[in-house]
Structures are given as structure tokens and as C-alpha cells.
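# Close look at the chain arrangement
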Amino acid sequence: MRRAALRILYLALLPVLVLSALIVAPAVVVSRIASRGRVWRPETWKKISYGSRYFRSSFRGRLGEVVDVIDVVRDRLILLFLVLAAICLAGGFIAHLLEIGVPRWLTAWLDGSILSSFGADPAWFPAGGSVSFGGGAAFVLAGCIALALLALGLSLYAWLAFALGEATRVILRYGGAATLFPDPGDAIPGGRLVLCQLSDLHITADGREPYEIEEGSAAWPEGIARPDTAELTGRLRRLVAEIAAMKPPLVALTGDMTDLGEEAQWAELEAALSGIPASSQVLMVPGNHDIAINVGTSPDPYLKKRAEREQRFIEVLTRVERGPFQPRLHIPARKRARRRLRAIAGLYPRRLDLEGGIRIFGLNSNRYRSRFVGSNAIGQIGGGQLRRLARALRRGSGPVIVLLHHHVARLAGPISLNDTFMIAMDGPRLLEMLAAYQQKNPKKNSALVLHGHKHLAFFGHYRSKSGGRVSVYAHPSSTLGHETDGHLDGVARFAAIRLTDEGIWRVETHPLRPARAAVEAPPAAAEAAVS
């Protein structure tokens, strides 16, 4: 009985593999042609390939994430083997009934080769039992093992090749990214208030500390109580009170408003933002912590949690965002994750027109599909979103402000490997687009980009080869402070953006209070202006 069962299993493997190859190979070719060269992968192998994204896109991951990848592969392989075993039993039983075997001429050759050892009597066979080449079982077994090893080797080779290739492309993109340079001569007083900016609030819930500080407590200044939910929301309320006193036309929040995008965190944020005056409009753009965050203890290879975060973010927009924005909000159904992911993809760029012909555009720079902690900080605006922005720019003129979360360029100086995975990979396209827009009418079409993300305060300029000029301001964390060499200063702050009559942008940073008693506090307002 055992011998018959093994023969059925062995005989079924080769037909199954051949049949799979005959089905999959044409499907891959057709799908690649239909998708214009983009690689097609079945859903099962997509989940396994997500593990390679960890290696492809980050050098900052932890051992726990590698274990997650191994678990994903292991679970999928077990399921795959169970399915193959069921197919083999069914197919092998049919092959046994039809008495399918190996041709005699091939049997004669195999009996005299080294493969004949496969026909030996294993210890777990019944006494005197054996599997001969005449039945074809040993030949099928040897062929299946060889094909399986070959497929495994090719898969591992392709995995590593893609991993190294993707990491190389990310690094090269960063090396070729636009560079920002400061201009010490920018100090022009005056200008009317256009908006106030808050960024990287990292609001928590249930008394938790921000994820960044929990993972690395050394980043927080010594002698200052580590910020929990009460401290973070308290700082935000005081910032909102100062902003309300200025009565800006617009309050812009440039991402990472929550720490992990959880519902309770959004509730804390909404309560703290309730002090914004009714006369001020509110624009929010998502950060990676709002929708794309992945933590090692809760992997999300199928992006189901991301879809839930994006749904939650859109629902918050309906309650917090104010103003006649275009396009209008549409809350997608909760049933399908893909539908929710598509909904936020079409929501941006958000457009708002302010008095004086100033146009505000909000972008979603989280188009990169992150599955692990190491890759969740990578930014991507996406070709579709950039094309929609380009069309909107062509339809008008005047001062333009673009808000997003990720950095669009690197600072002048040495390249940091960690920064390689922190900027929007297509940021240079955005800067070139704005530079071309500004160059059409240099006196009227001034362009400014506002973002957050790295908890870094910097104000600089980008100049295209054709002479266009774009100003870029990076705002630090409004609740945690400015970060230098991995250490936060703990100073809460917001930015006030002004525009002079000459079309010159002016950026003021307003600290709430100093965090270090032993260190000299920063000035009350660090001002910079751009032409």
C-alpha cells in the first residue's frame, strides 16, 4: 500500500510541474506585454517578494523584520506544499490507474546509471518492496527534485539581484537628487501673513510616548520629561492658541500628525485642533506615520492596515479640513482595500485659492507602497499626481505654495546613507516643474515648497539649469523639536509664511518655549526670506 501511494505521489509531481509551467509561462509573457514591461507576479508570490523589499529599500531594518520575512515564506511554502500534495495524490492516482510509465529505452539507460540508486529498497518500505524504473517512479522523483532545486536557485538569484538592484537605484536617485543651498542675503522685512504651518506632531493616545522616542530614548533631551499623550496634546493646544491669535487665512499640517495613524490618536488630534479659529481654513497632507507606517511587531504585507489608515484619514479630512478645496472629498466604501487605496490616490493634489491670487496645492508624497519599517519613510509623489499638478499650474499664474510631507531635495554637504531612504524619489521632477513655472514670469510666479518629515529646520533654494528658482522650507517637529545628529532639541514651534508686495516669500519660525534650561534658547523668531 505504501509503495503504491509513493508511486502515485512521484508520478503526479512531474505532470503537475509541467502543467504549471505550460500555464504560468504564457500568462507571464502575455501579462508583461499587456502591462508594458512591468513584472507580473501571482498574489501568493507578491507576499513573499514583499520580504525582499526589506532588503531592497533599507539598511536600517532590525533582525525582527528578517524573522517576519522568514515567517511569511515559511507559511506560504507550507500552504504550497499542502496544495501540491493534494494535487499530486489526485493526479498520481489517475496516472496509476492508466498505468503511465517510462519508455523501455529510457528505462534501460536509467537502470545502468547512477540514478538507479533511487530505485533501492528504502528502510521504510515493506520487506522486499522496491520502486523500479520500469514503473517510472524513481525517474519522476529525480526529475522533480532537480527541477525544484533549479527553481529554488533561480528564485534566490533573482531575489538577491532585484534586492541589490533596487537598493542601488534608490541610492543613485539620491545621489542625483536636487541640492538646496542657503542664501544668507535673504532678510527682507514685512509681508502679509499667508499661512501658518504645523508638522510632525506625532500625537499619541493612552499615555504613550512617540514611537521614535520609545525606540531610541537617547534622542530626547536629558532633564526634560519625556512627552506622553498629555504633553504632546498640551503643546499642540498652546501652539494652536498662538496661531489663533495671529488669525492666519490658512493653517497647513504637513504630515505625521499622528504617531501610528490609529483612531484614538486621530481623536486626540481633532480635540487639540478645535482651537483653530473658524475664520482660518485648514489643509492636511498625510505623512508616512499617518498612513504608511509599519512596525516590526505588526507587519502589513498585504497593505490591509494601510487601507484602513487611508480610510480613517479621509474620514478625518471631512471633519477637520475647511475650505473650498478641489477635488471634493469622497469617502470610499470599507469593503475592499483596493478601492480605499485608489480613493486617496485620486484625492491629491488638493487645491485652494487664497486672496491675492495665491494658489495652494497639497500633495500626497506616500505613493511608495511600504511593507516594513525600513522602507516606510521613502517618499514618492507619483507620475499621475505630478501630471495633474502640471495641468493645474498651466491654467493660472501667480504665487504658488506646494505642501507635502517628504523632503524633495538633499541639503548641500556630505551624503548620508540614512537620508537616502528619507526623500521623495521623484522630488526633482516637482522642483523642475515649479522652476519652469517660476521662470515663465519671474516677477509674478514665485514658488515655495513646504514640508516636514525629518524633524529638520532648513530654508534653502533650488536653481534649475535654465535659471528657474524654487524656495524650499523644511519644518521640524512642531511638538518634538529640531533634530541634529539624532538628538531632538525638544522645542515646540510653528512657522508663519508671509508674502511681500514684491512677491518675495518670508518664513518665520516661532518657538513655543525652550526645552533645555542649561542651554541657551533659540531666538524668538528665526527669519529668512527668499526672492
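The paragraphs below set out a description of the structure included in this document. Predicted model only: the values in this text are computed from it and were never measured. (Residues numbered from 1 in each chain as written. Predicted model: local features only at pLDDT ≥ 70, side-chain atom pairs only at ≥ 80, totals over all residues. Heavy atoms only, no water.)

## A word on the pairing of strand β11 (residues 469-474)
This is how the line gets drawn: Three labels apply to residues, based on accessible area from a 1.4 Å probe with only protein chains included: buried if under 20% of the type maximum, exposed if over 50%, partly exposed otherwise in between. Helix numbers and strand numbers start at the N terminus; a helix is a DSSP run of H or I with at least 4 residues, a strand a run of E with at least 2. Any two strands are treated as partners once DSSP identifies two or more bridges connecting them.
Among the 6 residues of β11, 6 are classified as buried, and the element is accordingly described as predominantly covered. Neither face of β11 is open: one carries R469, S471 and Y473, the other V470, V472 and A474, and all of them are buried. Where strand β9 (residues 447-451) lies against β11, 4 bridges are found, and the strand directions are parallel. If you follow V449 over to β11, its bridge partner there is V472. Bridge count for strand β10 (residues 458-463) against β11 is 6 bridges, and the pairing is antiparallel. Counterpart to F459 in the pairing with β11 is Y473.

## Overview of the nonpolar core
The line we're drawing: In these notes, a set of buried Ala, Val, Leu, Ile, Met, Phe, Trp, Tyr and Cys residues joined through side-chain atoms within 4.5 Å is what counts as a nonpolar core. Any pair of residues with heavy atoms lying within 4.5 Å of one another is described as a contacting pair.
L236, L253, L269, M284 and F313 are the most contacted members of the largest nonpolar core, which has 40 residues in total. Not counting residues within four places of it along the chain, the set of residues in contact with L269 comprises L201, I203, L236, M257 and M284. If you look at the next biggest cluster of nonpolar residues, it comprises 29 residues, including L180, F361, L389 and V470.

## Thoughts on the environment of N294
Locating N294 in the fold gives a position in the loop between α9 (288-292) and α10 (304-320). Spatially, the C-alpha atoms of N294 and S375 are 8.6 Å apart, while their sequence positions differ by 81 residues.

## Topic: the environment of K465
Inspection of the secondary structure assignment puts K465 in the loop between β10 and β11. For the pair K465 and E432, spaced 33 residues apart in the sequence, the C-alpha separation amounts to 9.2 Å.

## Remarks on the packing of aromatic side chains
Our working definition: For Phe, Tyr and Trp, rings pair up if their centres lie within 6.5 Å, where Trp contributes its six-membered ring, and each pair is then called stacked (planes under 30 degrees apart), edge-to-face (over 60) or tilted (otherwise).
In total, this model carries 2 aromatic pairs according to the counting rule given. Ring centres of W266 and F313 lie 5.8 Å apart, and the angle between their planes is 55°; this geometry places the pair in the tilted category. One end of the pair, W266, is in helix α8 (residues 263-272); the other, F313, is in helix α10, with 47 residues separating them in the sequence. With relative accessibility at 1%, the residue W266 sits in the buried group.

## Some points on the side chain of D259
Rules: When charges are tallied, Lys and Arg are placed among the positive residues and Asp and Glu among the negative ones, while His and the ends of the chain are skipped. When a carboxyl oxygen of Asp or Glu is within 4 Å of a side-chain nitrogen of Lys or Arg, the pair counts as a salt bridge.
Considering the arrangement of structural elements, one finds D259 in the loop between β3 (250-254) and α8. Despite being buried, D259 has no salt bridge partner; R208 is the closest side chain of opposite charge, sitting 6.4 Å away. When neighbours within four sequence positions are excluded, D259 is seen to be in contact with H202, I203, T204, E209, P210, Y211, Q265 and H289.

## Observations concerning the packing of helix α12 (residues 383-394) against helix α13 (residues 427-440)
Stated precisely, the cut-off is as follows: Axis lines are fitted through C-alpha atoms, for helices just across the contact stretch, and the angle between N-to-C directions can take any value from 0 to 180 degrees. An angle below 35 degrees is read as roughly parallel, one above 145 as roughly antiparallel, one from 65 to 115 as roughly perpendicular, and any other as oblique. Three classes are used: nonpolar for Ala, Val, Leu, Ile, Met, Phe, Trp, Tyr, Cys and Pro, charged for Asp, Glu, Lys and Arg, and polar for all others, with Gly counted as polar.
Taken N-terminus to C-terminus, the directions of α12 and α13 make an angle of 5°; their axes are 11 Å apart at the nearest point. By the angle between their axes, α12 is roughly parallel relative to α13. For the pair α12 and α13, the contacting residues are G383, L386, L389, A390, L393 and R394 in the first and R429, L430, M433, L434, Y437 and K440 in the second. For the contact of α12 with α13, the residue count by class is 8 nonpolar, 1 polar and 3 charged.

## A look at α10
Keep this limit in mind: Multiplying one less than the number of residues by 1.5 Å gives the expected span of a helix.
Look at α10: 24 Å from first C-alpha to last across 17 residues, which is about the 24 Å you get at 1.5 Å a residue. All of the buried residues in α10 are R306, A307, R309, E310, Q311, F313, I314, E315, V316, L317 and V320.

## Observations regarding the sheet that holds strand β5 (residues 350-354)
Ordered by their spatial adjacency, 6 strands build an open sheet running β5-β6-β7-β9-β11-β10, and the pairing between neighbours is mixed. The sheet is open, and its two edges are formed by β5 and β10, each paired on a single side. Within the sheet, the average angular offset between the axes of one strand and its neighbour, ignoring direction, is 20°. Pairing of strand β6 (residues 358-362) with strand β7 (residues 400-403) involves 4 bridges; the strand directions are parallel. Bridge pairing links R359 to V400 in β7.

## Side note on the pairing of strand β4 (residues 281-285)
Convention followed: Throughout, right-handed denotes a crossover for which the path from the first strand over the helix to the second runs clockwise when the strands point away from the viewer.
β4 sits mainly inside the fold: 5 of its 5 residues count as buried. Residues of β4 alternate between two faces, with Q281, L283 and V285 on one and V282 and M284 on the opposite face, all of them buried. Relative to β4, β3 is paired through 5 bridges, and the arrangement is parallel. Following the sheet pairing, A252 is matched in β4 by L283. Taken together, β3, α8 and β4 constitute a β-α-β crossover, and its handedness is right-handed.

## Remarks on a positive patch on the surface
The following threshold applies: Patch definition: residues above 30% relative accessible area lacking any salt bridge, with like charges linked at up to 9 Å and the nonpolar side chains Val, Leu, Ile, Met, Phe, Trp and Tyr linked at up to 5 Å. Here the open area of atoms and residues is found with the Shrake-Rupley method and a 1.4 Å probe, where only the protein chains shown may cover a residue. Positions of charges follow a simple convention, taking NZ of Lys, CZ of Arg, CG of Asp or CD of Glu.
Together, R387, R391, R394, R395, R429 and K440 give the surface a local cluster of positive charge. When residues of the positive patch are assigned to their parent elements, the largest contribution, 3 residues, is made by α12. Inspection of the secondary structure assignment puts R429 in helix α13.

## Focus: the pattern of salt bridges
On inspection of all chains with the given rule, the structure shows 9 salt bridges. With its nearest N and O atoms 2.7 Å apart, the salt bridge here joins R319 to E270. Here R319, found in helix α10, pairs with E270, found in helix α8; they are 49 residues apart in sequence, far enough to count as distant. A salt bridge links R498 to E508, with the nearest nitrogen and oxygen atoms 3.3 Å apart. Here R498 is found in strand β14 (residues 492-499), whereas its partner E508 is found in strand β15 (residues 505-513), with 10 residues between them in sequence.

## Examining unusual backbone geometry
P327 follows Q326 through a cis peptide bond whose omega is 0°. On the secondary structure map, P327 appears in the loop between α10 and α11 (337-345). Cis rather than trans, the peptide bond between Y348 and P349 has omega equal to 10°. Residue position: P349 is located in the loop between α11 and β5.

## What to know about the packing of helix α7 (residues 229-246) against α8
The following threshold applies: A clockwise turn of the near helix away from the far one marks a right-handed crossing, whereas an anticlockwise turn of less than a right angle marks a left-handed crossing.
α8 packs onto α7 with a crossing angle of 30° between their chain directions and a minimal axis gap of 9 Å. As summarised for this structure, α7 and α8 are arranged roughly parallel, according to the angle between their axes. Where α7 crosses over α8, the handedness of that crossing is right-handed. Side by side, α7 and α8 meet where T229, T233, L236, R237 and V240 of the first sit next to E268, L269, A271 and A272 of the second.

## Here we look at the environment of A230
When you line up the elements, A230 lands in helix α7. For A230, a relative accessible area of 54% translates into the label exposed. Distance in space between the C-alpha atoms of A230 and I203 is 9.3 Å, their sequence separation being 27 residues.

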